[in-house]
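Take a look at the letters that make up each chain.
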Amino acid sequence: MKLQFLLVFALIQPSYQQFDASQCQISKGCHIPESTQSNGMGVAWSLLDDETLLLELFVNSDEEKGRYVAVGFSNDEHMGNEPVIECSAIGNQKPSMKFSFDKTNGKGNERIAGDYTAHFSNNTAVFENGVLYCKSNVKVSGSSENSNVFKFDPSTQYHLLLANGKTTAKGLGYHKDQSSVSRKLRLSESSPGFDQSECGKTKGCTMPAANSCYNVDGNIGASYQVISDNQIAFEIFGPANTTVNENVYVALGFSDDEKMANISVIECSNLPSETAPTMKFSYNPGFKNARIDGEPPIRAKFIQQSIGRISDGSIYCKGVVNVGGEAENPQIFKWNKNQGYHLMFAAGFSADTGLTQHWGSCVSILTFLDQVNNLGFNDATCGLTKGCFTPTDCTDGCDDIRSSWSLLSDNQIHVELTGKVNATNKYVAMGFSTNGTMGNTSVIECSSFDNSNFSMTFSYNLVNAPDYSNLRSTSDVSGLFTNRRVQFVDGVLYCSADVAVVGDANDQTVFKYDPATKYSIIMATGDTSTKGNVKGLGYHKKKRSVAPLQLLSDYTPPTAAPPPSGKGTFDSSTCGKDKACYTPPNNVDTVAYKVLNDSYIEFEISSTQSSSSGVYTALGFSNDGKMNPANVIECSSLGSQPLSMKFSTNSGYSNDRISGEEAIRSQYITNTETSYVDGKIYCKGTVRSDGNSNAAIFKYTPKQQYHLIIAKGTASPGGLGYHGTNRYISTARLLTDLGAGNESGSSNTLLILHAMFMTIAWMTMVPIAVIFARVLRSSWPTTKPGGLLIWFHIHRGANLIGIALMIAAFVLILIHKDWKFTTIGWGGKHAIIGIIALCLAWLQPFISTLRCSPNDSRRPIFNYIHRGIGVTAMVLASHYCHMYCWISFYWRETRRSARSSAYSNFRDLCIIIVLYNFQQCCRCGHKVIYKDERSFGQNRRYTDAAHFEN
């Protein structure tokens, strides 16, 4: 508070020296409101005796006459029914100090009749350099003639009600907004002690909770207010058990590891030789405190304006400390403004030799001494002194990630990052995108690799389709981050720094800020990745959000999109008559289409949504029932943009914006209607569908059958978010077929049946056949149904069932693919490997017809061929496990009908069978490959040869 006044005062009138703010809270008490509460005013007091109060009042003013500043002495925080002392110039009179009285219920100021000039002595009343100032020794013993004259009561605590304004010929005018109320205080105390009301405003405060203390239950703490790079005003207070020993102390240590040992200390102590506590330096070489040689003269030089007192069971010290350190004595505290400290508090008794072992102690969270609130991210200043982005639209929650930025210059930005992080090897990052996408974007991150501490650095998201990589800095960029703050406490990560954003021609990661460019802030959080010497940010797993494009100099948060003004709604009565409609199984979303001619189609999209802002429902057109590739027409509000019908495209596993789409849209989508009625968004438009030079724009082929894909979710300025399970695929249809109806997902059913049949065949029937042939051949040696051993019946039967299932699965996938063979991507590799495996499996029955008798000398040749083909087929088929897992995930995400629960149960059973039997098959395969004919001979030695017939 004192520092704030000095700075303001120096700017207004540097030569004015009447009011000495440096003595505030030392030789006099002061109340100087913040600049937001007044145009500059204050009051100071010092009790000379029980009847005399030295009082100072000042106010910034553009003229001497007709102005006042007044202080009321109240027992509550409201004006009304309290005595007043004022510094005023009534009418054309000279300024002077006077008594007055505030009427009951705040109904104005009342003049006091009579001459009371004798109550004011040693008067000063001047107007210099735009400041009205009064000072006087005021007799405060009251008046027997008028009870409204202020009478001081030493036992009373007062709220000082300070106000200023214009005077009238009759007295004081209304102060309007120029008023302030102090906390309750005793006028007898020029230093009222620790003022908690200023914490987080003019000073930082640390008051550890009882659960972070030993044997101390509150009433201990410190405040810190940076005056310059080398000066900090400290307050230290704590319990003083003077009933046991009058010589008490509370000490403040500065630790980087939450331990008392090897730390510098500033203490508030009352040694036996002292009459009052003073602030001192000391040091903890171990777990005990030690005095510093030559400390008294260092203290006299380094600690100024020091005061201390013991009262009401508490010890309190205040002083301005030089924290630049002592070159010849490193034990003296030296502040590193880039470092956070754990403040270590200790309370105990002092002796002639110094501080004894403490009886109580506390430790604070990581604290930065130049951070007034020390709460990490401060939302209160968002939109005022900094721009902020708080994501809320992440698919699986955003983990409270937030970011802020404030421009220090065109070359430097102050950046804050915060979020919930449960361990190291994580990151919170903000990207500066010019197009709303994460690709080819400069990033400022707070990250941890290899279990190291978190730190801030640059990176760059590089996209060279189809590859993505997070580039790391190739040079040392630590010098570009100054005033760094990194705090990781109770699962919350907070990082801030002044970041030089000048770019680097030799390092692509270094962000180069352009004041004229609009940026879209993209936030993400996730795991970091270390593979050998290669480090990077891992996939965010949908914990990502995109802010609207804006100039970084504009701190105003974007507003929500206005609701659509239209009243149009979907008319289902014309479905199948005048237009074709498709309503997915959820029964809350509908699309309609009406082919006007080969070049124009009228589309309608209706969908239940919680809002008309930041949401979408999209209609994709697929040739094969897959999301990729697909042209898309969407009804969306990107972030805070208005709801509208747009083009986009699906590539890979994401939806992409189309370059220049807005200009294309304005020509290709006409007669539009949008509305948000009864919780449903609605878009209607006539879409030109004869194609564009940009192949990403939907082009209608009249004789083409399309699978319609409907998806919905949240949208950000960067595009459409992940739809989750809100996606549905129709059967293939001509867009001219008005009666296509709502049939969904038949092609997907074929795909799932294909997966089921192949899983049962390869992972159940074939392993059973192998196990009985290799392990259970000698079982049931005398039982021969139909003249054949049981193992052979099961071996042959299981294989034939498996082959039948393979044939059925093969036919199903051919139908699913419209009898087209695909060789592209993973699906192509799967098809080629699968066909080879199937051919080998189908070859086995024919090879078995060529087998000779068990005693034939050529039988081992048949055995090796038969078993070798079987093992090769199984090895090739094992790649199917990966494909199956993908299909299972795909199925779980897309099937939402009632029958999906039955499918899910069957799928879970198949997984168990796969895991068990694949292990068995591998074990059997191992035996076939590595057991030579001698092992077969060993079997023959303890079994009858007849057991191996067939």
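Remember, it's a predicted structure, so these values are computed and weren't measured experimentally.

The rules behind each value
Residues numbered from 1 in each chain as written. Predicted model: local features only at pLDDT ≥ 70, side-chain atom pairs only at ≥ 80, totals over all residues. Heavy atoms only, no water. Helix = DSSP H or I, 4+ residues; strand = E, 2+ residues; numbered from the N terminus. Buried < 20%, exposed > 50% of the residue type's maximum accessible area, 1.4 Å probe, protein only. Contact = heavy atoms within 4.5 Å. Areas by Shrake-Rupley, 256 points an atom, 1.4 Å probe, with all protein chains shown as cover. Pairing = 2+ DSSP bridges. Axes fitted to C-alpha atoms, helices over the stretch in contact; angles between N-to-C directions. pLDDT = per-residue confidence, 0-100. Polar contact = N/O pair within 3.5 Å; in protein donor to acceptor, adjacent residues only side chain to side chain. Disulfide = S-S within 2.5 Å. Salt bridge = Lys/Arg side-chain N within 4 Å of Asp/Glu carboxyl O. Core = buried A, V, L, I, M, F, W, Y, C linked by side-chain atoms within 4.5 Å. Phe/Tyr/Trp six-rings, centres within 6.5 Å; stacked < 30°, edge-to-face > 60°. Lys NZ or Arg CZ within 6 Å of the ring centre and 35° of its normal. Patch = residues over 30% accessible without salt bridge, like charges linked within 9 Å, V, L, I, M, F, W, Y side chains within 5 Å.

Draft legend 1. The arrangement of the overall build of the protein in detail. Counting its regular elements, the protein contains 10 helices and 49 strands. Looking at the protein as a whole, 49% of its 950 residues qualify as buried. Sequence separation of 24 or more characterises 61% of the internal contacts of the protein that already satisfy a separation of 6 or more. Surface exposure of the protein reaches about 44100 Å², of which carbon and sulfur atoms provide 52%.

Draft legend 2. Seen up close, the environment of C495. Relative to the helices and strands, C495 resides in strand β34 (residues 492–500). For C495, a relative accessible area of 0% translates into the label buried. C495 sits 50 residues away from E445 along the chain, and the two C-alpha atoms are 9.0 Å apart. Other than its neighbours up to four places away in sequence, C495 contacts V415, E416, L417, C446, M456, R485 and V486.

Draft legend 3. Main features of unusual backbone geometry. A positive phi angle is found at E258, which is not glycine, with a value near 65°. Along the polypeptide, E258 turns up in the loop between β16 (248–255) and β17 (263–269). With relative accessibility at 48%, the residue E258 sits in the partly exposed group. One non-glycine residue, N451, adopts positive backbone phi at about 65°.

Draft legend 4. Local environment of the sheet that holds strand β6 (residues 96–102). Spatially, the six strands line up as an open sheet ordered β7-β6-β5-β4-β10-β11, and their pairing is antiparallel. In the strand order of this sheet, the two ends are held by β7 (109–111) and β11 (179–181), each with one partner. Going from strand to strand, the sheet's axes swing by 30° on average, the running direction of each strand aside. Across eight bridges, strand β4 (residues 67–74) lies against strand β10 (residues 159–166) in antiparallel orientation. Opposite F73, over in β10, you have L160 as the bridge partner.

Draft legend 5. A look at the side chain of S447. Relative to the helices and strands, S447 resides in strand β30 (residues 441–447). Taking the relative accessible area as the measure of exposure, S447 reaches 2% and is therefore buried. In contact with S447, not counting residues within four places along its chain, are K426, Y427, N453, F454, S455, T457, R472, T528 and L537.

Draft legend 6. Up close: the environment of P515. Structurally, P515 is set in the loop between β34 and β35 (518–531). What makes P515 partly exposed here is its relative accessible area of 35%. Taking the C-alpha atoms as reference, P515 lies 9.3 Å from N411; in sequence the two are 104 residues apart. Not counting chain neighbours up to four residues away, the residues in contact with P515 comprise D410 and L551.

Draft legend 7. Highlighting the pairing of strand β14 (residues 221–228). Bridge count for strand β12 (residues 204–206) against β14 is three bridges, and the pairing is antiparallel. Residue C205 lies in a different strand from β14, and its bridge partner there is S223. Summarising the sheet, β14 and strand β15 (residues 231–239) pair through seven bridges and their orientation is antiparallel. Looking across to β15, one finds that A222 is bridged to I236. The turn linking β14 back onto β15 is made up of two residues.

Draft legend 8. Representation of the confidence of the model for the protein. Per-residue confidence for the protein gives a mean pLDDT of 83; residues scoring 70 or more make up 86%. Low pLDDT, under 50, characterises residues 1–16; the stretch is placed with 34 contacts to residues that sit more than four places away or in other chains. For the stretch residues 882–950, pLDDT sits under 50, and the model shows 94 contacts to residues farther than four places along the chain or on other chains.

Draft legend 9. Molecular detail of the sheet that holds strand β26 (residues 387–389). Spatial strand order, β26-β27-β28-β34-β33: five strands in an open sheet with antiparallel pairing. In the strand order of this sheet, the two ends are held by β26 and β33 (481–489), each with one partner. The mean angle between the axes of side-by-side strands here comes to 10°, regardless of whether they run parallel or antiparallel. For strand β28 (residues 412–420) and β34, the ladder comprises nine bridges, and the chain directions are antiparallel.

Draft legend 10. Here's a closer look at the side chain of H31. The residue H31 is located in strand β1 (residues 29–31) in this model. Judged by relative accessible area, H31 falls into the buried class, the value being 8%. For H31, the side chain forms a polar contact with the side chain of S180, separated by 3.1 Å. Excluding residues within four positions of it along the chain, H31 makes contact with G42, V43, W45, L160, L162, S180, V181 and S182.

Draft legend 11. Structural detail: the state of the cysteines. This model, assessed by the stated rule, comprises eight disulfides. Here C213 connects covalently by a disulfide to C362, the sulfurs 2.0 Å from one another. Between C213 and C362 the disulfide shows an S-S torsion of about 110°. By sign, it is right-handed. Taken together, the residues span a long stretch of sequence, with C213 in strand β13 (residues 213–214) and C362 in strand β25 (residues 360–367) at a distance of 149 residues. Residues C213 and C362 agree in their burial class; the two are buried. What pairs with C635 in a disulfide is C683, and their sulfur atoms sit 2.0 Å apart. Classification of the bridge connecting C635 and C683 rests on its S-S torsion, roughly 65°, and on that basis the disulfide is right-handed. Of this pair, C635 sits in strand β42 (residues 630–636) while C683 sits in strand β46 (residues 680–688); the two residues are 48 residues apart in sequence, bridging distant segments of the chain.

Draft legend 12. Layout of the pattern of salt bridges. In total, this model carries 21 salt bridges according to the counting rule given. In this structure, R291 engages E267 in a salt bridge whose closest nitrogen and oxygen atoms are separated by 3.0 Å. Linking R291 in the loop between β18 (278–284) and α2 (295–302) with E267 in strand β17, this pair joins segments that are 24 residues apart in sequence. Residue classification places R291 among the partly exposed residues on the basis of a relative accessible area of 29%. A salt bridge links D527 to K426, with the shortest nitrogen-to-oxygen separation between them at 2.5 Å. Of the two residues, D527 sits in strand β35 while K426 sits in strand β29 (residues 426–433), which places them 101 residues apart along the sequence.

Draft legend 13. Looking closely at the nonpolar core. Formed by 36 residues in total, the largest nonpolar core has its most connected members in F234, F254, I266, F281, F333 and L369. When residues of this core are assigned to their parent elements, the largest contribution, five residues, is made by strand β23 (residues 341–351). Within the second largest apolar cluster, 33 residues are counted, among which are C394, V415, F458 and V499.

Draft legend 14. Local environment of the packing of aromatic side chains. Enumeration according to the criterion identifies 26 aromatic pairs in this entry. Taken together, a centroid distance of 5.5 Å and an interplanar angle of 85° make the contact between F511 and Y519 edge-to-face. One exposure class covers both F511 and Y519, and it is buried. Ring-pair connections join several aromatic residues into one group, and the members of that group are F603, F621, F698, Y700 and Y706. Cation over ring: K28 sits above F19, and NZ or CZ is 4.4 Å from the ring centre. Positioned over the ring face of F570 is K579, at 4.3 Å from the centre of the ring.

Draft legend 15. How the structure looks around a nonpolar patch on the surface. A surface patch of nonpolar side chains, about 380 Å² in accessible area, is lined by I807, V811, I815 and W819. Along the polypeptide, I815 turns up in helix α5 (residues 790–816). What makes I815 partly exposed here is its relative accessible area of 37%.

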